[in-house]
Each structure stands twice: as C-alpha cells, then as structure tokens.
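Chain and residue survey
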Amino acid sequence: MSAPVVHGGNLHEAAARYGIPYTAWLDLSTGINPHGYPVPPVPAEAWRRLPDDGDDFAACAARYYGAPDASHVLPVAGSQAAIRALPALLPRGETGIAPLTYSEYAPAFERAGHRVVSLDVRDDRLPATLTHAVVVNPNNPTAEHLDAAKLMRWHAQLSARGGTLLIDEAFADTMPEASLAAQTHRDGLIVLRSPGKFFGLAGVRAGFVLGAPALLDTLRRTLGAWTVSGPARHAVKAAFADHAWQERMRARLAIDSARLVTLLQAQGLATRHTPLFAWTADRHAPALHEALARRGVWTRLFAATESVRFGLPANETEWLRFEQSLCEAVREYKA
C-alpha cells in the first residue's frame, strides 16, 4: 500500500508533534485565501431539499469561468473527487506529470493502471510515447505558469494520439485571462476549477470539471447524484455573482503577495509566487520549516526537494508575528 498523501492544513498533527495548542498556531501551510468570501445567510430550503441538478449552478459556473455553456461544466464535491475518478475513465497509457506538483495526481493515475512518467514542462514537444499529460497551472507549489499557446500545442499533440491534456486551474482565479476554460469544447481537454482557493471556500467542498459533454456524462454517472450540497451551491453562486468583491480581492491579494515576497527576500530567500502563496527552494528549507514550527508558525515543507511554501497571513497581527518569527528562524539556522 502506498504512503498517504500529505497536504497542508494538518494543524492537529503539528499541534501534537510540537506540543503547541491547536488554537495557538499561525497556519500558513495552504494557499487558501485568508480573506474568504463573506457568504450570505443560507436559506432554509437549501438545508431541507435535495440539491437539484436542474438549477442554474452549472450555468453560473460556465459564466464565471468562461466555459462554452453549462453542458461543458460538471459540479463535483471538490476537485479531489474528479482527480480520483477521471483517470479510470481515460484510456490507459503513459501519463506525464511534473515531479513537483499537486501530489494527488500521480497515485490516482497509477491506481487506474496508467504508467506515470516525469513531465518536463520546459519541453515544447511532448514525448511520442505520452498518452496523457497533467498540468497544474499555475503550479502548486512552485508557482510556475505555462502560457496558453504552449498548452494548446500540447493538447494538439495529445489529442492527435487519442490522449488527454488535464489542466488544474485551482489557483487561476487571480489570472482569468490565462485560463483554458473557453477551449473545453475540444475533445481531449479537461480543465478543473475550484472556488476553494481564491474565494477561501475550501470547506464547502465544491469544484467543477470543464470538458466535452460526453466525458462529463460518463463522469456524472460514475460519481452519482447530489455531489454538491444545497448550502455549498448557495455559497458558491453568491461568490460567482459578486464581481465587485472579486475585483477588490484581486487587488488586495496582489498587495499581500508583494509584501510576503519582500519579507522572504529580505532574509535572502529567493522566491516564486502566485497572489496566494510564495515558494522557495533552499537547502535550508527543512531547518527553516522546523524553526518556524517551534514558534507556532506552520508552513508546507517539501522535504524531497528542500523547498517550502508560505501562504498569506490574515491580518496585521499575523503579519507582524510572521515577520518576527521568520527573522528569528533564519538567524537560528544560520548561527
């Protein structure tokens, strides 16, 4: 049996390991927006009634993401549900996945009988043996971003072989112009989207698969009925409709991201970043992660690549605590 996949947000584990109460931690281990969307009160019928797939939930998502229409959008119980189910619906073959990316993809494709190989995102032409490719764009955790033209060239190569390009755009809400959602009428192109990161609604467990209707129909039958709850649909529809909030939040995240990068670079840490997180690859990353943890600051360590990811503090108190803890941690491992 393969080892369990590790994710950020595992504060109970951190609290037990370091003997620091759960409520005393500053959690920067995820890329979830700390300024989450203020969900309006949930109407009573959302709790009483079964979710109705005949509502306009998929249409709202199609408008927000720029998909061709509602027939190209399937709501699911978070992207995780799709990641687990999709590999079994694709022809078995060789699947390229970057060595350092969202860690659920490789085991999901392996369980479905695919041969997973390393994908070099610097290549313009994919290996002739490759059937499918998975790209997280922008990448989590390295923040690397591939332009749409390159991805469409990759899609052309794969679709000519009967293969599929799967693009995970979980962090793309801050750069909507870079999305391939509008291209999901094409066979062999799947885009996954999630309101969990930008809108800070990870707890609602809602996500969307954008692709050709025939594939979505098969996935719908696989996942079954009522995949997204009524209260979750209410929260996400409100968030998608609030264009003023979206505009203000993109501006705020740009400022917060610049502040985070400045703090890290002031300590000599080279970074890549998206508006929701920063990532640094440094031989001192394990020591930095450990020193911060002893101070009750939880980050996401990628030990195999000696790198660490930082999310955004939520308020000025957290910013000041992080800055002080970071300075102390760096001095400690450099001593």
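Look up: the structure comes first, before these words.
Residues numbered from 1 in each chain as written. Predicted model: local features only at pLDDT ≥ 70, side-chain atom pairs only at ≥ 80, totals over all residues. Heavy atoms only, no water.

Overview of the sheet that holds strand 13 (residues 307-310)
- What the four strands build is an open sheet, ordered 9-10-13-12; its pairing is antiparallel. Unpaired on one side and paired on the other, strand 9 (272-274) and strand 12 (300-302) mark the two borders of the sheet. Neighbouring strand axes in the sheet, compared pairwise and without regard to direction, differ in orientation by 15° on average.
- When strand 10 (residues 277-281) meets strand 13, the two strands line up antiparallel, connected through four bridges. Counterpart to Thr280 in the pairing with strand 13 is Val308. (Pairing = 2+ DSSP bridges. Helix = DSSP H or I, 4+ residues; strand = E, 2+ residues; numbered from the N terminus. Axes fitted to C-alpha atoms, helices over the stretch in contact; angles between N-to-C directions.)

Let's talk about the nonpolar core
- Trp154, Leu165, Phe199, Phe208, Phe240, Leu288 and Phe322 are the most contacted members of the largest nonpolar core, which totals 70 residues.
- In terms of residue count, the dominant contributor to this core is helix 3 (residues 57-65) (seven residues).
- Judged by nonpolar contacts, the second largest core, of 19 residues, contains Ile83, Ile97, Tyr105 and Leu192. (Core = buried A, V, L, I, M, F, W, Y, C linked by side-chain atoms within 4.5 Å. Buried < 20%, exposed > 50% of the residue type's maximum accessible area, 1.4 Å probe, protein only.)

Brief notes about unusual backbone geometry
- Of note, the bond from Asn137 into Pro138 is cis; its omega dihedral lies within 30 degrees of zero at -5°.
- Between Asn140 and the following residue, Pro141, the backbone shows a cis peptide bond with an omega angle of 25°.
- Looking at the secondary structure, you find Pro141 in the loop between strand 5 (132-136) and helix 6 (148-159).
- The backbone of Arg205 sits at a positive phi, close to 50°, despite the residue not being glycine.
- Along the chain, the position of Arg205 falls in the loop between strand 7 (189-193) and strand 8 (207-210).
- Judged by its relative accessible area of 43%, Arg205 falls in the partly exposed class.

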